[in-house]
Amino acid sequence: MFSIKELREQFNLTQEELARRSQVSRTTIAKLESGEEVVTTTKTLNKIAQALHPHSRDIFLP
């Protein structure tokens, strides 16, 4: 799974704020955080990572 939720909360962002910053839908972010959606593109993960700051490569770790 991805650690998007933990990083998002660490930066005090709501799903809506992360969606706006990353230009990824809030629904996609919610599904990735919950594990409902585990298949996504590298492009989507990169957009989220960039929105969460440089150290966010951690979202790719289990």
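Details of the structure are given in the entry above.
Residues numbered from 1 in each chain as written. Predicted model: local features only at pLDDT ≥ 70, side-chain atom pairs only at ≥ 80, totals over all residues. Heavy atoms only, no water.

**Q** Help me understand unusual backbone geometry in this model?
**A** Generally, phi is negative for residues other than glycine and the peptide bonds are trans, each holding for most cases. Notably, Asn12 is not glycine yet its phi reads approximately 55°, a positive angle. Along the chain, Asn12 turns up in the loop between helix H1 (4–10) and helix H2 (15–22). Here Asn12 falls in the exposed class, since its relative accessible area comes to 67%. With phi around 60°, Gln23 is a residue other than glycine that occupies positive phi space. Note on placement: Gln23 falls in the loop between H2 and helix H3 (26–34). (Helix = DSSP H or I, 4+ residues; strand = E, 2+ residues; numbered from the N terminus. Buried < 20%, exposed > 50% of the residue type's maximum accessible area, 1.4 Å probe, protein only.)

**Q** Help me out: how do you make sense of the environment of Gln10 in this one?
**A** With respect to the helices, strands and loops of the structure, Gln10 is situated in helix H1. By relative accessible area, Gln10 is classed as exposed at 56%.

**Q** I would appreciate a short explanation of H3 in the present structure.
**A** Because each turn of an α-helix spans 3.6 residues, side chains separated by three or four positions in sequence point in the same direction. Of the positions making up H3, those classed as buried are Thr28, Ile29, Leu32 and Glu33. Buried residues of H3, seen end-on, are gathered within an arc of 130° and therefore sit on one face of the element. On the buried face of H3, the contacting elements are H1, H2 and helix H4 (42–51). Of the residues flanking the end of H3, it is Gly35, one or two places downstream, whose phi is positive at about 85°. (Arc of directions from axis to C-beta. Contact = heavy atoms within 4.5 Å.)

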